[in-house]
Amino acid sequence: DAALVWFRRDLRLHDHAALYHALRHARRVWCVFIFDTTILDGLPPADRRVEFIHASVAELDRQLRARGGGLLVRHGDPRTEIPALASALRVQAVHAGRDHEPAAVARDAQVLGHLADLGILMHTHKDQVVFEASEVMTANDTPYGVFTPYKNAWLRRLTPFYLRAYPVERHAAALAAPPAALDRGVPSLNDLDFLPTGMAPRLHPGESGGEHLLLDFLERIDHYDQTRDFPAVKGPSYLSVHLRFGTVSIRQLARLAHERMQGGSRGAEVWLSELIWRDFYHQVLHHHPRIVDHSFRPEYDAIRWAHGKQADALFAAWCEGRTGYPLVDAAMHQLNQTGYMHNRLRMVVASFLTKDLGIDWRRGERYFALQLNDYDLAANNGGWQWAASTGCDAQPYFRIFNPVSQSEKFDAGGKFIRRYLPQLAGLSDRSIHAPWQASPLELVAAGIVLGRDYPHPVVDHAQAREATLERFAVVKSKA
Ligand code: FAD
């Protein structure tokens, strides 16, 4: 028997469900990765994620070749490329990791149909999450919409079986080298019509990059609960982009965290909880695909968000980090410059856009989708709907983050703000959170003219808060 493994969001060799199953069941196994034109054609010409994927694919190819295999790489539409390759290689089955994003589900159904016409089977395997779809349900067999009971049920359901690795090395003899006639190697970024951004090395791409970040984080994991909320501190793992593209195994991460937690580590316990949030949002998306462009709670679709020229100008100020609220602006600069934003800041800027500027969460969600290296539909939608109060288990709408107190609390010394807004560096630790409150003397001493070196605040938080409570009143009367 021969099989083809289609790599997608699982760009690694170790602990790989689809590859393991293919190697166990077929005598010859080929591997393929498609640079999907239906996705890539919609991206800007320089995109950090394409560079990350490109470097990760090149590393995977090298690892496979060192074991007698290799990657067949194509640049096209997988709906035609996968059946064409499967047929040219005369395989009996195609294996891939399961993807619950609605667009991926639709694509895979089409590929499966084309393969079926050729008499070839397609098997998908759980690989992105620990528990997927309907594996963790309430006693009434309905999906969970609230996190804490979901998490408790998740932990009750967990046995070593679910975290066990799918070892690939011991079956690697079945890896087959790409036939010369079909082997085109990994195209250059240029061949893919992309320009380098220079970011790839800083993102540590590939399985080796994921391993490096993981080892680094394991030194810090026990303090995660105390450090994770402070953007100037190296607290979180920075593994999200690796989880997005599968250059780390979620089972390995959850296993390590669970073991440490059982050893009494509070940091590991809180970190495991974050990994469970990830599973949670994935199952929410699976059960409620309408949330892609609707509020999880339908009554919240009645909210009238600000629109028109003024809203557009405010939205542009938010995107470009020119709102006059330093923590919000520094966070947006972090996103625009690096493709990463600290979790605390994602909450702060999402709250600011929806509740201070009154702008529809979907606009912010789309901007994040373009900019985030770790962009993941389920987590991003979940995060935005949480902040906008439209989601399941969301922040109640009357809880409105104050961007200045968030700044004073989570960046007390202004270290993060100074990193991304060096023009404010001369302000005192007290004024840096709200430069418009600094005395004229302090502004002069710091060399800052508001409106020239740094914007005046685009809205008044107290007034915006009132407007938001009014805006959400439509929900209260309907709820
Ligand atoms: P760590 O703190 O080290 O957490 C470990 C892992 O847990 C993360 O890599 C991630 O996979 C998972 N995780 C952590 N928090 C969450 C969460 N709230 N929801 C789901 N998974 C979580 N995360 C994404 O991966 N992609 C997104 O597109 C995304 N968009 C977001 C948008 C908003 C508005 C908000 C509030 C949050 C969003 N998150 C998203 C969740 C979270 O901010 C990031 O996962 C986290 O900041 C990534 O950094 P890290 O890997 O250092 O996280």
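As named in an unreviewed UniProt entry, the protein is Deoxyribodipyrimidine photo-lyase, taken from Sphaerotilus hippei. In its Sequence similarities (unreviewed entry) section, the UniProt entry covering the protein states "Belongs to the DNA photolyase family."

Caption draft 1: Here's a closer look at the overall build of the protein. Counting its regular elements, the protein contains 22 helices and five strands. Radius of gyration (C-alpha) of the protein: 24 Å, near the 23 Å computed for a compact globule of 479 residues. Reported as C-alpha extents along the three principal axes, the dimensions of the protein are approximately 75 × 50 × 50 Å. Residues counted as buried form 46% of the 479 residues belonging to the protein. Relative to all contacts within the protein whose residues are 6 or more apart in sequence, the contacts with residues 24 or more apart total 76%.

Caption draft 2: Local environment of the pairing of strand 1 (residues 2-7). Most of strand 1 is tucked away: five of the six residues are buried. In terms of strand pairing, strand 1 meets strand 2 (residues 28-36) through six bridges, oriented parallel. Bridge pairing in strand 2 links Ala3 to Val29.

Caption draft 3: Local environment of the domain arrangement of the protein. We note that the domain assignment places domain 1 (2-126), domain 2 (128-164 + 207-287) and domain 3 (298-478) within the protein. Domain 1 puts 16 residues into the contact, and the matching count from domain 2 is 18 residues. The element contributing the most residues to the side of domain 1 that touches domain 2 is helix 3 (residues 48-65), with four residues.

So, how was this worked out
- Residues numbered from 1 in each chain as written.
- Predicted model: local features only at pLDDT ≥ 70, side-chain atom pairs only at ≥ 80, totals over all residues.
- UniProt positions renumbered as here; feature names shortened; annotations may be inferred.
- Helix = DSSP H or I, 4+ residues; strand = E, 2+ residues; numbered from the N terminus.
- Rg over C-alpha atoms; globule rule 2.2 N^0.38 Å.
- Buried ≥ 20, exposed ≤ 12 C-beta atoms within 10 Å, placed from the backbone.
- Contact = placed C-beta atoms within 7 Å.
- Pairing = 2+ DSSP bridges.
- Domains from an automatic or database assignment.

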